[in-house]
Amino acid sequence: MSGTISSTLQTGHVGLNVTDLARSTAFYRRVLGLEPVREGTDAEHRFAFLGRDGRLVLTLWQQSEGRFATAAPGLHHLSFQVDTLDEVRAAEALLRELGAEFAYDGVVPHGEGAASGGIFFTDPDGVRLEIYTPAGVDETGAEAPSKSAPTCGFF
């Protein structure tokens with residue numbers, strides 16, 4: 001493999017700009033069960049590193065204003081996989097309690113007849129998020145929001 005990236009390549013952490021570090025930290029801790037790994041409290045350099053099971057997952061940087069621009073080039077959405085449909089439903093209940101905005105009502109499949117699927121929502125700054133499971137959604141009878149395109153691509 002001379003001159004190529006290692007075959008063990010995998011996604012590392014994701015970094016997000018946020019408008020309110022405390023609010024975003026609380027949201028991601030509660031929804032994803034992440035814990036603070038490191039925090040920067042200098043007024044000009046506020047940040048939080050959040051992780052789980054000894055692995056850095058998300059870094060938050062308080063250095064933006066407004067809402068996430070879904071029409072601009074760049075990040076489309078972040079997706080988090082869980083093992084079971086029950087975990088997706090538990091996340092949905094918590095997010096409803098928190099007043100999160102959902103793209104679709106309830107758990108939906110990734111495509112017509114797909115076993116995988118989940119919930120699609122936004123964080124406090126409007127970043128599009130997904131929590132999904134790879135199997136079991138086909139047994140719910142839920143229909144895909146679009147017959148012709150992947151659910152996660154157009155929300």
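Preceding block: the structure.
Rules used throughout
- Counting restarts for each chain: residues are numbered from 1 in the order of the written sequence.
- Only residues with pLDDT of at least 70 are given local features in this predicted model, and only at 80 or more are side-chain atom pairs given and counted; all residues enter the totals for whole chains, interfaces and linings.
- To get the side-chain values, take all heavy atoms of the structure and skip hydrogens and water.
- A run of H or I in DSSP counts as a helix once it spans at least four residues, and a run of E counts as a strand once it spans at least two, with each numbered from the N terminus.
- How far a helix is expected to stretch is found by multiplying one less than its residue total by 1.5 Å.
- Pairs of residues are marked as contacts when any of their non-hydrogen atoms sit within 4.5 Å.
- Aromatic contacts are taken between Phe, Tyr and Trp rings whose centres are within 6.5 Å, Trp giving its six-membered ring; a plane angle under 30 degrees counts as stacked, one over 60 as edge-to-face, and the others as tilted.
- Think of it in three bands: residues with accessible area under 20% of the maximum for their type are buried, residues over 50% are exposed, and the middle band is partly exposed, with areas taken using a 1.4 Å probe on protein chains only.
- A pair of strands is treated as paired once DSSP finds two or more bridges between them.
- Each axis is a line fitted through C-alpha atoms, and for a helix only the stretch in contact is used; angles between axes span 0 to 180 degrees, taken between their N-to-C directions.

Caption draft 1: Fine view of helix α2 (residues 85-98). If you check α2, its first and last C-alpha atoms are 20 Å apart, about what 14 residues at 1.5 Å a residue would give, namely 20 Å. Elements that come into contact with the buried residues of α2 comprise α1 (21-32), β7 (117-122) and β8 (128-133). Downstream of α2 by one or two residues, G99 has phi in the positive range, about 80°.

Caption draft 2: Representation of the packing of aromatic side chains in the model. Enumeration according to the criterion identifies seven aromatic pairs in this entry. For the ring pair F49 and W61, a centre distance of 5.6 Å and an interplane angle of 70° mean the geometry is edge-to-face. Pair noted here: F49 is in strand β3 (residues 45-52) and W61 is in strand β4 (residues 55-62), with a separation of 12 residues, a long-range link. A relative accessible area of 17% means that F49 is categorised as buried.

Caption draft 3: Fine view of the sheet that holds strand β6 (residues 108-109). The strand order β5-β8-β7-β6 describes an open sheet built from four strands, whose pairing is mixed. Here the strands that pair on one side only, and so sit at the sheet edges, are β5 (78-81) and β6. Two strands pair when backbone bridges link them, and β7 and β8 are joined in this way by six bridges, in the antiparallel orientation. Looking at β8, one finds that G118 is bridged to Y132. Of the strands in this sheet, β5, β7 and β8 are in contact with α1, which crosses β8 at around 10°.

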